[in-house]
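Residues per chain, in single letters:
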Amino acid sequence: MLEPLRRGFPPTDPSGVAGSASCALPARYEAVGGARKFTRSTLDRWELGDRFDDVALVVSELVTNALRHALPGEPPRDFQDPPVRLHLMRWTSRLVCAVRDPSRRSPVAGEAADSAESGRGLFLVECVSDSWGWHPSPVPVGELPSGPHCGKVVWALFRLPENPDAAV
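It should be emphasised that the depicted structure is a prediction, and the values quoted were computed from it without experimental measurement. (Residues numbered from 1 in each chain as written. Predicted model: local features only at pLDDT ≥ 70, side-chain atom pairs only at ≥ 80, totals over all residues. Heavy atoms only, no water.)

1. A few points about the pattern of salt bridges
Part 1: Per the stated rule, a full pass over the model turns up 2 salt bridges.
Part 2: R28 is the salt-bridge partner of E30, the closest N and O atoms lying 3.7 Å from each other.
Part 3: For E30, a relative accessible area of 58% translates into the label exposed.
Part 4: With relative accessibility at 49%, the residue R28 sits in the partly exposed group. (Salt bridge = Lys/Arg side-chain N within 4 Å of Asp/Glu carboxyl O. Buried < 20%, exposed > 50% of the residue type's maximum accessible area, 1.4 Å probe, protein only.)

2. Digging into the side chain of K152
Part 1: On the secondary structure map, K152 appears in strand β5 (residues 152-159).
Part 2: Overall, the relative accessible area of 5% leaves K152 in the buried class.
Part 3: Within polar-contact distance, the side chain of K152 engages the side chain of D101 at 3.0 Å.
Part 4: With sequence-adjacent residues up to four places away left out, K152 is seen in contact with A70, V99, R100, D101, S103, R105, P107, W134, H135, P136 and S137. (Helix = DSSP H or I, 4+ residues; strand = E, 2+ residues; numbered from the N terminus. Polar contact = N/O pair within 3.5 Å; in protein donor to acceptor, adjacent residues only side chain to side chain. Contact = heavy atoms within 4.5 Å.)

3. Let's talk about the packing of helix α3 (residues 52-70) against helix α4 (residues 121-128)
Part 1: Remark: α3 packs on α4, axes separated minimally by 9 Å, with the N-to-C direction vectors making an angle of 150 degrees. As far as their axial angle goes, α4 and α3 are roughly antiparallel. The handedness of the crossing between α3 and α4 is left-handed. Along the contact surface, α3 presents D54, L57, V58, E61, L62 and N65, while α4 presents G121, L122, L124, V125 and V128.
Part 2: Its residues assigned to classes, the contact of α3 with α4 shows 7 nonpolar, 2 polar and 2 charged. (Axes fitted to C-alpha atoms, helices over the stretch in contact; angles between N-to-C directions. Parallel < 35°, antiparallel > 145°, perpendicular 65-115°, else oblique. Left-handed = near helix turned anticlockwise from the far one by under 90°. Nonpolar A, V, L, I, M, F, W, Y, C, P; charged D, E, K, R; others polar.)

4. Some points on the pairing of strand β3 (residues 94-101)
Part 1: Across the 8 residues of β3, 8 count as buried, placing the element largely inside the fold.
Part 2: Burial along β3 is two-sided: the residues R94, V96, A98 and R100 and L95, C97, V99 and D101 are all buried.
Part 3: Of the pairings in the sheet, the one linking strand β2 (residues 84-91) to β3 comprises 6 bridges and is antiparallel in character. Each bridged residue has a counterpart across the sheet, and for R90 the counterpart in β3 is L95.
Part 4: If you look at the hairpin formed by β2 and β3, you'll find 2 residues sitting between the two strands.
Part 5: Pairing of β3 with β5, which is carried by 8 bridges, proceeds in the antiparallel orientation. Across the sheet, the residue bridging to V96 is L157, located in β5. (Pairing = 2+ DSSP bridges.)

5. Here we look at the side chain of S129
Part 1: Secondary-structure assignment places S129 in the loop between α4 and β4 (131-136).
Part 2: Polar contacts involving the side chain of S129 include one to the main-chain carbonyl oxygen of V125, which spans 2.7 Å.
Part 3: A polar side-chain atom of S129 sits 3.3 Å from the main-chain carbonyl oxygen of S131.
Part 4: The residues touching S129, leaving out its near neighbours within four places in the chain, are V58, A156, L157 and F158.

Below, the structure is given as C-alpha cells:
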C-alpha cells in the first residue's frame, strides 16, 4: 500500500518503522468519531499525543470525504470488508495517516465559497500536514481490478522531529 507514497519522498530505512495500526470503519458518519478515538489511543501509545490535534483534524477530513464522496448512495449491507479503513503508520521521522475507500475517483481540492459550510477539507489537510496525495488501492493477488478490494488510498504525511527532545 505504501509503495506509491514512498516514490515522492526520500527512501525510508525499513529499520525505522516504529509501528502501524489499522481500523475498519462502518459506512456511517458516526465512524468519524470512532476514527478520532482510534487516532488518540494510537498516538498516545506511540507517545505522540502532542500531535493529536493536527492528526485528528486530517483523519476527520479524510474519513468524512471517504464517507461522503466514495460510497454509493445506498451502500450494500453485506460488505465482506468494511468499505472504509483507517491506517496510521509511524517511522522514526514521519507519521502517515491513510484512508482506504472503495471509489477510484480522485479526490479534488475544491474552492469553497466564503459562505459555504463544506468544501474545504482537502485544503485543511494540505495546510495542516506536510504533504498529502492519493493512489489506487493495490489489487490483491488473484483479484480482478474491479473486485471488492479496488478503490483508492488518500494519505497525509506528518514529519516528526528526529530527536523527540528537540521539539520541546
